[in-house]
Amino acid sequence: MKKLFIACLLSVFFIHSVFAQKVLSRDERMKWWREARFGMFIHWGDYAELGGMYKGYEVGHGGEWIMNRAKIPVAEYQAFAKKFDPVKYDADAWVKLAKEAGMKYIVITAKHHDGFAMFKSNASKWNIADATPYGKDVLKPLAAACKKYGIKLGFYYSQAQDWNNPGGAAARKVSAEGWPNPDSAKIDAYTKDHTGHWDPAQTSSTMAEYIDRVAVPQVKELLTNYGDVAVIWWDTPTNMTDEFAQKLQDLLKLQPNIITNDRLKRPNFAGDYKTPEQKIPNLSELDGKDWETCMTMNGTWGYKSYDHKWKSPEILIHNLIDIASKGGNYLLNVGPTAEGEFPQESIASLKKMGEWMKVNGEAIYATKASPLQPLSWGRCTLKPEGKNTILYLSVFNWPADGKLVVPGLKNEIVSAKMLAGGVVLKTGVSNDGVTVNVPANATDNIATVIKVEVKGAVASQTTNPAGKMKTGALD
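Now for a description of the structure that goes with this document. All values reported here derive from a predicted model rather than from experimental measurement. (Residues numbered from 1 in each chain as written. Predicted model: local features only at pLDDT ≥ 70, side-chain atom pairs only at ≥ 80, totals over all residues. Heavy atoms only, no water.)

Next up on the list: the sheet that holds strand β16 (residues 448–454). The strands that make up a sheet pair up through hydrogen bonds in the backbone, lying either parallel or antiparallel. Across the sheet, 4 strands lie side by side as β10-β11-β16-β13; this open sheet has antiparallel pairing. Because the sheet does not close on itself, it has two edges, and the strands there are β10 (378–385) and β13 (413–418). Averaged over all neighbouring strand pairs, the angle between strand axes comes to 20 degrees, with direction disregarded. By the bridge criterion, 7 bridges tie strand β11 (residues 388–395) to β16 in an arrangement that is antiparallel. Of the residues in β16, the one forming a bridge with Ile390 is Glu453. (Pairing = 2+ DSSP bridges. Helix = DSSP H or I, 4+ residues; strand = E, 2+ residues; numbered from the N terminus. Axes fitted to C-alpha atoms, helices over the stretch in contact; angles between N-to-C directions.)

Below, the structure written as structure tokens:
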């Protein structure tokens, strides 16, 4: 009895210590995120078992959307989960690779729109521990690995759409976007009359009941069972109301220093940052708000066996630099297989990005947006250094004449050197700005970084209109 009492006291102490965090201001909460610049998105669920295929067809917009796009009945879809057994899942290897790639945080799909929870949940048996032969929570080992490697952990949660738990919302998509279903006309008529749903089982409860029965308790589970949660990444507020959103928002008090995106319910629940999807905003769209581009490495989020449209490491690195030069974060997606492995193409690209970041990460982490006009040869990031300023010039197109012109820069140069190796470079001043005399050849065939320190603050050459940044879709 005494041992039980002591165990209870220790448990209470542990819970208190985890959640008795100092409440930070918004800028204090956002500090790590603004400095991180680079994170990993992981779209993984039971849908990986199908790999984007249904009845022998490649389903348009398949991957994690396959149930909706193919209009798969609830009972049939749930039967597929009985084959989902990711025995090759290795959380330690995943997080280690993210760290080696230079990523500072991970956001994983705890529950996507099909309602399948990748964690043990008491709110619904439709979860990996209860509905699959694997029978285990995959988020707990991921949380442990993130703690081990010093990576922040975030959870994606589909708060509104849920195609398996009754009462969840369903964005209406026409059958023609999926596969050549002979019953398309009948199904489309049904979804039109039933708020996007295609199976009567989906509407046997109300959305209000779904929010109270599934969404609220599951988000509470995520915020209490996995230690510190850095981010909640809401998605598609289909049919959400302010009342529903407030119930979820109130749960964030469990993790007072958490950061959330802007997809809980617009416009009254703006979150902490905007989420342009598959797109890097142009300069005219920037509006001074925090933002993060989420993007796939190929053409899909969840695993599709036939998607081989992989972006090259050069494009991925250039994207990262471009985003940092505009003051944003890059959340780069991986879609693991049904066995629990990252595709080899993703691994190869992440390792290549890691090689570049190991040498040049200083030009990305904790930097601010470029103060310069658009540069024909590459991008610029900025970092205050006492009373001076450091400009990191990431050169994509190496000057053939050995002269890199930094247009419009008027500050006195303190020093200029190659970031890799530290070779000191000579500079000159002209009416066009500053000229940096560079070696005949670039040291990196993707992006060579030159570190320039100048006196004082660098005046912004860009006007910052009240741009309208395109963020994630509502449904």
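Enumeration according to the criterion identifies 20 aromatic pairs in this entry. Ring geometry for Phe38 versus Tyr330: centroids 6.1 Å apart, planes at 15 degrees, classification stacked. Note that Phe38 is positioned in strand β1 (residues 38–42) and Tyr330 in strand β9 (residues 329–334), a separation of 292 residues in sequence. What makes Tyr330 buried here is its relative accessible area of 0%. (Phe/Tyr/Trp six-rings, centres within 6.5 Å; stacked < 30°, edge-to-face > 60°. Buried < 20%, exposed > 50% of the residue type's maximum accessible area, 1.4 Å probe, protein only.)

All right, on to the pattern of salt bridges then. All told, the structure shown has 24 salt bridges when counted by the stated rule. Linking Lys148 and Asp92 is a salt bridge whose minimum nitrogen-to-oxygen distance equals 2.8 Å. Taken together, the residues span a long stretch of sequence, with Lys148 in helix α7 (residues 139–149) and Asp92 in helix α5 (residues 91–100) at a distance of 56 residues. We classify Asp92 as partly exposed; its relative accessible area is 26%. Of the charged contacts, one joins Glu355 and Lys352 as a salt bridge, the two residues approaching to 4.0 Å between their closest N and O atoms. (Salt bridge = Lys/Arg side-chain N within 4 Å of Asp/Glu carboxyl O.)

In short, geometric facts, not functional conclusions.
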